[in-house]
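Topology and contacts: notes
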Amino acid sequence: VILRDNQPPLDAEKIDSDRLKHVFLQPPGLGAFPPSRSTLLVGARGSGKTMLLRTARHNEDYVAIYGDLRKILNGVSADTGAGGLSFHQIHSSEEGYLQDKTAALLALWLAQESRDRGLALSPALLGKGMPSSVRSLMPNGGVMIDWLEEHLPTLEPGVFRRIPNLQFLDNLIDDLATKARAKYGKDLVLLLDRAEEVPFPCLIPALHLLDQNH
């Protein structure tokens, strides 16, 4: 009889969070994670990127928000019929609209996460960053996020701006970080996963978040 340890699944999605916190081993030579500045994490498929990020979200030294870009931006994938590394299915004239919709979906994700943590992200700030064509349809007040959850992913790219408003995303994150420090006394860390699985225009707003300037 050969006895084997109860090893965790190789797929990070198939291991529950409580067990992950106890079985994950920090890769040698990695150093502190997450680093003290914006970082792009690169590794081969199956090398442990998702498991590393999912573990980092449980670190109590900061307020960590983990997001799977493949799920957050599914509405853009549905619009284009394209996934990651598909460079010939999207015309250049469509890129700006898709980038703006990406920024709006990322903003919705931040609003959902802030609500779950009791950080009370301002609905007015969230609505202000949406295109005027979207604002004209949205209800005001506390039901705004519920409406966006239902409708935003399915809105046609053409209702968004040709020149995307990425500054709006910066302002929203800064507001969320301020609220996280006020409530918890900790810094905010965003952990975005699976960037390689979204249509390439989505990468512009995502990589914009690595900018150290703001």
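In case you missed it, the structure is sitting above this.
Residues numbered from 1 in each chain as written. Predicted model: local features only at pLDDT ≥ 70, side-chain atom pairs only at ≥ 80, totals over all residues. Heavy atoms only, no water.

Here we come to the side chain of D193. Structurally, the position occupied by D193 is in strand β2 (residues 188–193). Judged by relative accessible area, which is 4%, D193 ranks as buried. A polar side-chain atom of D193 sits 2.6 Å from a polar atom in the side chain of T50. Not counting residues within four places of it along the chain, the set of residues in contact with D193 comprises T50, L53, Y66, G67, D68, L69 and R70. (Helix = DSSP H or I, 4+ residues; strand = E, 2+ residues; numbered from the N terminus. Buried < 20%, exposed > 50% of the residue type's maximum accessible area, 1.4 Å probe, protein only. Polar contact = N/O pair within 3.5 Å; in protein donor to acceptor, adjacent residues only side chain to side chain. Contact = heavy atoms within 4.5 Å.)

Quick look at the pattern of salt bridges now. Inspection of every chain in the model, using the stated rule, returns 13 salt bridges. R194 is the salt-bridge partner of D68, the closest N and O atoms lying 3.0 Å from each other. With a gap of 126 residues between them, D68 in strand β1 (residues 63–68) and R194 in the loop between β2 and α10 (203–208) connect regions that are remote in the sequence. (Salt bridge = Lys/Arg side-chain N within 4 Å of Asp/Glu carboxyl O.)

What follows covers helix α8 (residues 144–151). Structurally, the α-helix is built with 3.6 residues per turn, so residues lying three or four positions apart point the same way. Those residues of α8 lying buried are M144, I145, W147 and L148. The buried residues of α8 occupy one face: seen down the axis, they fall within an arc of 160°. (Arc of directions from axis to C-beta.)

This brings us to the nonpolar core. Ranked by size, the top nonpolar core spans 43 residues in total, and within it L73, L126, M130, V134, L148 and L152 carry the most contacts. Among the elements that take part in this core, helix α5 (residues 95–116) stands out by supplying nine residues, more than any other. In this view, L148 contacts L108, L126, M130, V134, M138 and P153; residues no more than four positions away in its chain are not counted. (Core = buried A, V, L, I, M, F, W, Y, C linked by side-chain atoms within 4.5 Å.)

Further remarks concern the layout of surface pockets. Estimated volume of the largest pocket: approximately 1200 Å³. Along the wall of the largest pocket there are 38 residues; nearest its centre are S38, T39, L190, L209 and L210. Where the lining of the largest pocket is concerned, the elements lending two or more residues are α2 (49–56), α9 (167–184), β2 and α10. Examining the composition of the lining of the largest pocket, we find that six residues originate from one element, β2, more than from any other. Of the residues assigned to the lining of the largest pocket, the class counts are 22 nonpolar, six polar and ten charged. (1 Å grid on protein atoms, 1.4 Å probe; cavity = no way out; pocket = protein on both sides within 12 Å on 5 of 7 lines; lining within 4 Å. Points joined across faces, edges and corners; volume = space filled by probe spheres on them. Nonpolar A, V, L, I, M, F, W, Y, C, P; charged D, E, K, R; others polar.)

On to α2. Most of α2 sits out of view: eight of its eight residues are buried. Of the positions making up α2, those classed as buried are K49, T50, M51, L52, L53, R54, T55 and A56.

Further remarks concern the pairing of β1. Counting buried positions along β1 yields six of six residues, so the element is predominantly enclosed. In this structure, β1 lies alongside β2, joined through six bridges in parallel fashion. Looking at β2, one finds that V63 is bridged to L188. (Pairing = 2+ DSSP bridges.)

Let us now look at the packing of α5 against α9. Two packed helices can be described by the angle between their axes and the distance between those axes. Contact geometry for α5 and α9: axes closest at 10 Å, N-to-C directions at 10°. When the axes of α5 and α9 are compared, the pair comes out roughly parallel. Between α5, through A103, L106, A107, L110 and S114, and α9, the contact on the second element is made entirely by F168, L169, L172, I173 and L176. When grouped by side-chain class, the residues that make up the contact of α5 with α9 number nine nonpolar, one polar and no charged. (Axes fitted to C-alpha atoms, helices over the stretch in contact; angles between N-to-C directions. Parallel < 35°, antiparallel > 145°, perpendicular 65-115°, else oblique.)

From the geometry alone we can't say anything about function, so treat these as descriptive.
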